[in-house]
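Chain by chain, the residues run as shown.
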Amino acid sequence: TQTQPATYSLTLSDDARWLSEFLCFVRLHCLELFCATSDDVTSRMKSKKVSLNQVGIRCCFCAHLTHQRRARRSSTFPSSLSRIYQSITMMLRDHFMVCSEMPEGIKDRYTTLRGNASQGIVGSKQYWVDAAKRKGLIDTPSGIFFEESRLFE
């Protein structure tokens, strides 16, 4: 039996002050933070290099599937905190509407909120960086890591 690695929520209590209802919904119900496993490192060998324990963001619905069975852009490993927002917008554009594992009720709500989505408050892109720092994420030359995991390298 394969044990699922630990996952973490992107959600913070003040998300609604800075983000649209749609982005709050996505952060709470659709995305999760995780640390790359040896399987993630191996499966990414042909595309972007990923390091063990590097922090990624993925769809929480299809994470249990093998990499080959997931729809396009099911996960991302942004190179820096400042690229989290852009990486997630690509997931929003390319992944969730074709994710076979997204429950119908969630997909319906996602579609409704997406249709009504505003860009969010001015400064919301900076909020993604600040929120990531509050979650204990840091930029490194090898990508994003949890601050405490760097102690074990």
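Residues numbered from 1 in each chain as written. Predicted model: local features only at pLDDT ≥ 70, side-chain atom pairs only at ≥ 80, totals over all residues. Heavy atoms only, no water.

## A closer look at the environment of F77
Secondary-structure assignment places F77 in the loop between β4 (75–76) and α4 (84–94). Sequence-distant contacts of F77, that is, excluding residues within four places in its chain, are made with F34, A36, D40, R44, K48, V50, Q54, V55 and G56. (Helix = DSSP H or I, 4+ residues; strand = E, 2+ residues; numbered from the N terminus. Contact = heavy atoms within 4.5 Å.)

## Thoughts on the packing of helix α2 (residues 21–29) against helix α5 (residues 104–116)
Viewed as axis vectors pointing N to C, α2 and α5 meet at an angle of 155°, and their least axial separation amounts to 8 Å. As far as their axial angle goes, α5 and α2 are roughly antiparallel. In the crossing of α2 with α5, the sense of the turn from one axis to the other is left-handed. Two secondary-structure elements touch here, α2 through E21, F22, F25, V26 and H29 and α5 through I106, R109, Y110, L113 and R114. Looking at side-chain class alone, the contact of α2 with α5 contains six nonpolar, one polar and three charged residues. (Axes fitted to C-alpha atoms, helices over the stretch in contact; angles between N-to-C directions. Parallel < 35°, antiparallel > 145°, perpendicular 65-115°, else oblique. Left-handed = near helix turned anticlockwise from the far one by under 90°. Nonpolar A, V, L, I, M, F, W, Y, C, P; charged D, E, K, R; others polar.)

## Focus on the nonpolar core
By size, the foremost hydrophobic cluster in this structure holds 37 residues, and its most contacted members are F96 and Y110. Where this core is concerned, the elements lending two or more residues are α2, β2 (31–35), β3 (55–59), α4, α5, α6 (124–134) and β6 (143–146). Among residues more than four places away in sequence, those in contact with Y110 are F22, F25, V26, C30, L92, F96, M97 and M102. (Core = buried A, V, L, I, M, F, W, Y, C linked by side-chain atoms within 4.5 Å. Buried < 20%, exposed > 50% of the residue type's maximum accessible area, 1.4 Å probe, protein only.)

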